[in-house]
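# Architecture at a glance
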Amino acid sequence: MIYENANAKINLFLDVVGRREDGYHDLKSCMQTVSLSDTISAEITEDVPETEILLTCSDKNLAADEKNLAYRAAALYLETAGITNVRVKLHVEKRIPLSAGLGGGSADAAAVLRLLNRYFKNRLSHEELSRIGGKLGADVPFCLTGGTCRCEGVGDILTPVTTGPDYTVLIAKADGGVSTPEAFRLLDDLHGDFAHYTPHDAEKIYKALAGGNVHALSHAAYNAFEDVILPIHPEAAKLKTFLLDRGAVTALMSGSGPSVFGIFVSDVRAEVCAAAIRKMGFFAAVCRTVG
Ligand code: C5P
């Protein structure tokens, strides 16, 4: 049995700056890997009569079939690397909330690609993995690279960013999820073809990160999806306020939501706040950024 961690991501900055002809959107985003993770385990048998991928998942709300990104990642890896006559038995132990803006599906896909490439002795280069990752989902290339990245294009043009020490993040989520295509549609309704849209200043976040001062992040953190998602997910808006009231240096929605995260300088405050959120019946996880 071999294992691979699939780390969630948060967006410290996320602006949607244009709509492309293919329907996708141009982004300016700062993505950050966090220690909250799923675990992928795999049992691989070679020289079997037929190639077979089998998938199980600890969360029964997630389809464990060929629609699952982890399954699709395994199939695309084997096809691209020209590997046949193997049985790949995958299990996804889910800890990252679903449809939350935390990149859980993309993280699982990236972890499957890494795991298979490790098993098959790096048959594909990092560039090839990123290329096939991009076919699976816009966030998969970032999940393959990890750390802190400036992400542009549809999220596939990545530049690693140097940052200060890792810090504590509390991720919280009320019930319900957001469909990413639906969130983009809501932004389209708000901004039309983005011709008159004035992008927010992305550079402030990189200056704040370079300075290694988490307090400076509060003036730079931004998520364009908050305008369209928080009004229809009032509990997410309440959780954001709750995080700030309970000592978060800054709080922001992640990705297309509805999860929100707070950055804490005190681990004790983060744990106390997480316990209070769990008492409300919501998801809360205290984790660390992974540089
Ligand atoms: O690439 P992924 O499958 O994660 O994207 C989900 C959906 O989000 C896409 O089908 C598209 O509607 C939207 N999307 C977008 N622009 C991006 C990334 C995603 O419009 N840069």
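Residues numbered from 1 in each chain as written. Predicted model: local features only at pLDDT ≥ 70, side-chain atom pairs only at ≥ 80, totals over all residues. Heavy atoms only, no water.

According to the domain assignment, the chain contains domain 1 (2–160) and domain 2 (168–288). If you average the C-alpha positions of domain 1 and of domain 2, the two centres end up 23 Å apart. In total, about 2,600 Å² of surface goes out of reach between domain 1 and domain 2, with carbon and sulfur atoms giving 66% of it. If you look at where domain 1 meets domain 2, you find 2 salt bridges. Of the charged contacts, one joins Glu203 and Arg150 as a salt bridge, the two residues approaching to 3.0 Å between their closest N and O atoms. Inspection of the region where domain 1 meets domain 2 yields 16 residue pairs in polar contact (both at pLDDT 80 or more). Going through the elements one at a time, strand E1 (2–19), strand E2 (25–46) and strand E5 (148–152) are the ones with two or more residues in the side of domain 1 that touches domain 2. (Domains from an automatic or database assignment. Buried area = accessible area lost by both parts, 1.4 Å probe. Salt bridge = Lys/Arg side-chain N within 4 Å of Asp/Glu carboxyl O. Polar contact = N/O pair within 3.5 Å; in protein donor to acceptor, adjacent residues only side chain to side chain. Helix = DSSP H or I, 4+ residues; strand = E, 2+ residues; numbered from the N terminus.)

We now examine the site of the ligand. Every residue close to the ligand is listed here: Gly23, Tyr24, His25, Leu27, Gly137, Ala138, Val154, Thr180, Pro181 and Phe184. Taking His25, its side chain carries an N or O atom lying 2.6 Å from an oxygen atom of the ligand. At 2.8 Å from an oxygen atom of the ligand is found a main-chain nitrogen or oxygen belonging to Ala138. Within the complex, 74% of the 450 Å² of free accessible area of the ligand lies under protein. Counting residues per element, the shell around the ligand draws most heavily on helix H5 (residues 180–191), which supplies 3 residues. Of the residues in the shell around the ligand, the class split is 6 nonpolar, 4 polar and no charged. Per-domain counts for the shell around the ligand show at least three residues from each of domain 1 (2–160) and domain 2 (168–288). (Near = heavy atom within 4 Å. Areas by Shrake-Rupley, 256 points an atom, 1.4 Å probe, with all protein chains shown as cover. Nonpolar A, V, L, I, M, F, W, Y, C, P; charged D, E, K, R; others polar.)

Taken as a whole, this structure holds 5 aromatic pairs when the rule is applied. Relative to Tyr222, the ring of Phe13 has its centre 5.8 Å away and its plane inclined at 50 degrees; by these criteria the two rings are tilted. Of the two residues, Phe13 is situated in strand E1 and Tyr222 in strand E8 (residues 222–223); the sequence distance between them amounts to 209 residues. When its relative accessible area of 1% is taken as the criterion, Phe13 is described as buried. (Phe/Tyr/Trp six-rings, centres within 6.5 Å; stacked < 30°, edge-to-face > 60°. Buried < 20%, exposed > 50% of the residue type's maximum accessible area, 1.4 Å probe, protein only.)

Here we come to the pattern of salt bridges. According to the stated counting rule, one finds 13 salt bridges in the structure shown. Two residues, Glu4 and Arg118, come together in a salt bridge whose shortest N-O distance is 2.7 Å. Residue Glu4 is found in strand E1, and its partner Arg118 is found in helix H2 (residues 104–119); the two are separated by 114 residues along the sequence. Linking Glu52 and Arg87 is a salt bridge whose minimum nitrogen-to-oxygen distance equals 3.2 Å. Placement of the pair is Glu52 in strand E3 (residues 52–57) and Arg87 in strand E4 (residues 86–93), with a sequence separation of 35 residues. Judged by its relative accessible area of 33%, Glu52 is partly exposed.

Time to look at the sheet that holds strand E9 (residues 250–253). If you walk across this open sheet you meet the 4 strands as E9-E10-E7-E11, and the pairing is antiparallel. A strand with exactly one partner marks an edge of an open sheet, and here the two such strands are E9 and strand E11 (283–288). Within the sheet, the average angular offset between the axes of one strand and its neighbour, ignoring direction, is 20 degrees. When strand E7 (residues 168–173) meets strand E10 (residues 260–264), the two strands line up antiparallel, connected through 5 bridges. If you follow Ile171 over to E10, its bridge partner there is Phe261. Contacts from helix H9 (residues 234–245) reach E7, E9 and E10, with the element oriented near 5 degrees to E10. Here helix H10 (residues 267–279) sits on the sheet and contacts E7, E10 and E11; the angle it forms with E11, its principal contact strand, is near 160 degrees. (Pairing = 2+ DSSP bridges. Axes fitted to C-alpha atoms, helices over the stretch in contact; angles between N-to-C directions. Contact = heavy atoms within 4.5 Å.)

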